[in-house]
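Breakdown of the fold
Listed below, chain by chain, are the residues.
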Amino acid sequence: MYAVFKRELFSFLSSMVAYITIGIFLLVSGLLLWFFPDTSILDYGYAELDGFFSLVPYLFMFLIPAITMRAFAEERKEGTFELLITRPIHIWQIVVAKYLASLVLVLFALIPTLIYYYSISKLGFPEGNIDSGSVIGSYIGLFLLGAAFTSMGIFSSALTKNQVIAFVISAALCAFAFLGFDYSSQLAAFQSIGNIIRNLGINQHYTSISRGVLDTRDLIYFITFSVLFLLITKLMIGGKRK
């Protein structure tokens, strides 16, 4: 399993796809956070990163599908998937190894953004006037959100040999999981069960964690969500191997 994880991770890092994708993510988030008037925290007047944590989920809808689209699609296209599953490793381990490799890249994309926290802390008056607990909670929320999106991306990549199609499916699933339930709960037909529908969506739990409060229910939700999609992926690529 470690060999598959290492191969997948170094495969990403040896290509320009990972660097370009992460670079675009950091560039766009930096521009939105510091330069564009409508979203700039410099014009907001408060030492907080709420604007950043509100923007990143939408950037994740494109970043993570770009990272995960090649996980299984490329293996199937190049004919190496059949070779991979003949190795003495369970299919579940293959799925988890590819998932963890993609998740590490998501973590690599988040780590440079810590400079935003440092900058805001220095710019605050007095210096250091920033709610660190809320920021830590929001970063944990972002990581859990990234884990959930990554599981959907791995699933999407297992559906097709075409990386572009995998990207589109993954982006659509991420958008629906994050926004679809909130919009559906506002429909007149679902008003009586609106709260239940909202709680099924990712946004409700991500917002809860972003307040700086780590609720066990939110943690269980994200873990269950990710494991569920990984299990479906395992079934998609062959179920149990004898």
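In this text the structure is predicted, and so the values were computed from the model without any measurement. (Residues numbered from 1 in each chain as written. Predicted model: local features only at pLDDT ≥ 70, side-chain atom pairs only at ≥ 80, totals over all residues. Heavy atoms only, no water.)

Thoughts on the overall build of the protein
Heads up, the condition is: Numbering of helices and strands runs from the N terminus, with a helix taken as a DSSP run of H or I at least four residues long and a strand as a DSSP run of E at least two residues long. With a 1.4 Å probe rolled over the protein chains alone, any residue whose accessible area is under 20% of its type maximum counts as buried; one over 50% counts as exposed, and the rest are partly exposed. Contact definition: two residues touch when any of their heavy atoms are within 4.5 Å.
Check the secondary structure of the protein and you find 13 helices and zero strands. Helices and strands in the protein line up, N terminus first, as α-α-α-α-α-α-α-α-α-α-α-α-α. In terms of overall dimensions, the protein has C-alpha extents of about 60 × 50 × 30 Å along its principal axes. Evaluated residue by residue, the protein yields a buried proportion of 47% over its 242 residues. A separation of at least 24 residues holds for 76% of the contacts in the protein among residues at least 6 apart in sequence.

A look at the packing of aromatic side chains
As a reminder of what qualifies: The aromatic pairing rule takes the rings of Phe, Tyr and Trp, using the six-membered ring of Trp, and pairs them if the centres are within 6.5 Å, calling planes under 30 degrees apart stacked, those over 60 edge-to-face and the rest tilted. We call a charge positioned over a ring when the NZ of a Lys or the CZ of an Arg lies within 6 Å of the ring centre and within 35 degrees of the ring normal.
Tallied over the full model, the rule gives 13 aromatic pairs. Arranged with centres 5.3 Å apart and planes meeting at 75 degrees, the rings of Phe52 and Tyr116 form a pair that is edge-to-face. With Phe52 in helix H4 (residues 50–68) and Tyr116 in helix H8 (residues 114–123), this pair connects stretches of sequence that are 64 residues apart. Each member of the pair, Phe52 as well as Tyr116, carries the same accessibility label: buried. Between Phe155 and Phe229 the ring centres are 5.6 Å apart and the planes differ by 70 degrees, which places this aromatic pair in the edge-to-face class. On the criterion of sequence distance, the pair formed by Phe155 in helix H9 (residues 132–159) and Phe229 in helix H13 (residues 216–236) is long-range, its members being 74 residues apart. With respect to class, Phe155 is no different from Phe229; both count as buried. A connected cluster of aromatic rings, assembled from ring pairs, spans Phe155, Tyr221, Phe222, Phe225 and Phe229. A cation over a ring is seen here: Lys98 above Phe72, with NZ or CZ 5.3 Å from the ring centre.

Details of helix H10 (residues 163–185)
As a reminder, the rule being used: A helix is expected to reach a length of 1.5 Å times the quantity of its residues less one. What is called the bend at a residue is the angle between a pair of axes, fitted to the seven residues leading up to and ending at it and to the seven starting from it.
With 23 residues, H10 should reach 33 Å at 1.5 Å per residue; the first-to-last C-alpha distance of 32 Å fits that figure. At Leu179, H10 shows its maximal bend, which comes to roughly 45 degrees. Every buried residue of H10 is accounted for by Ala166, Ser170, Ala171, Cys174, Ala177, Phe178, Leu179, Gly180, Asp182 and Ser185. Looking at the buried side of H10, the elements it contacts are H4, H9, helix H11 (194–200), helix H12 (202–210) and H13.

Concerning H9
Between its terminal C-alpha atoms H9 stretches 41 Å, which fits the 40 Å expected from 28 residues at 1.5 Å a residue. Here H9 lies mainly inside the structure; 22 of its 28 residues are buried.

A short note on the side chain of Thr21
Tracing the sequence through the fold places Thr21 in helix H2 (residues 16–34). Residues contacting Thr21, with those up to four places away along its chain left out, are Leu63, Ala66 and Ile67.

Description of the packing of helix H7 (residues 91–110) against H13
For the record, the criterion: Angles run from 0 to 180 degrees between N-to-C directions of axes, and those axes are lines fitted to C-alpha atoms, restricted for helices to the stretch in contact. Here the angle decides the label: under 35 degrees means roughly parallel, over 145 means roughly antiparallel, 65 to 115 means roughly perpendicular, and every other value means oblique. Rotating anticlockwise by less than a right angle from the far helix to the near helix defines a left-handed crossing, while the corresponding clockwise rotation defines a right-handed one.
Two elements in contact, H7 and H13, have axes separated by 9 Å at closest approach and are oriented at 130 degrees. Taken together, the axes of H7 and H13 lie oblique to each other. For the pair H7 and H13, the crossing hand works out as right-handed. Contacts between H7 and H13 involve Ile91, Trp92, Val95 and Tyr99 on the former and, on the latter, Ser226, Leu230, Leu231, Thr233 and Lys234.

Some details on the pattern of salt bridges
The test is simple: Criterion for a salt bridge: a side-chain nitrogen of Lys or Arg within 4 Å of a carboxyl oxygen of Asp or Glu.
Per the stated rule, a full pass over the model turns up three salt bridges. A salt bridge links Glu8 to Arg7; the shortest N-O distance between them is 3.8 Å. Take Glu8: its relative accessible area is 6%, and that puts it in the buried class. For the salt bridge of Arg217 with Asp215, the shortest nitrogen-to-oxygen distance reads 2.7 Å. By relative accessible area, which is 63% here, Arg217 ends up exposed. Linked through salt bridges whose partners overlap, the residues forming this network are Arg7, Glu8 and Lys98.

Everything listed here is a matter of coordinates, which is why it stays silent on function.
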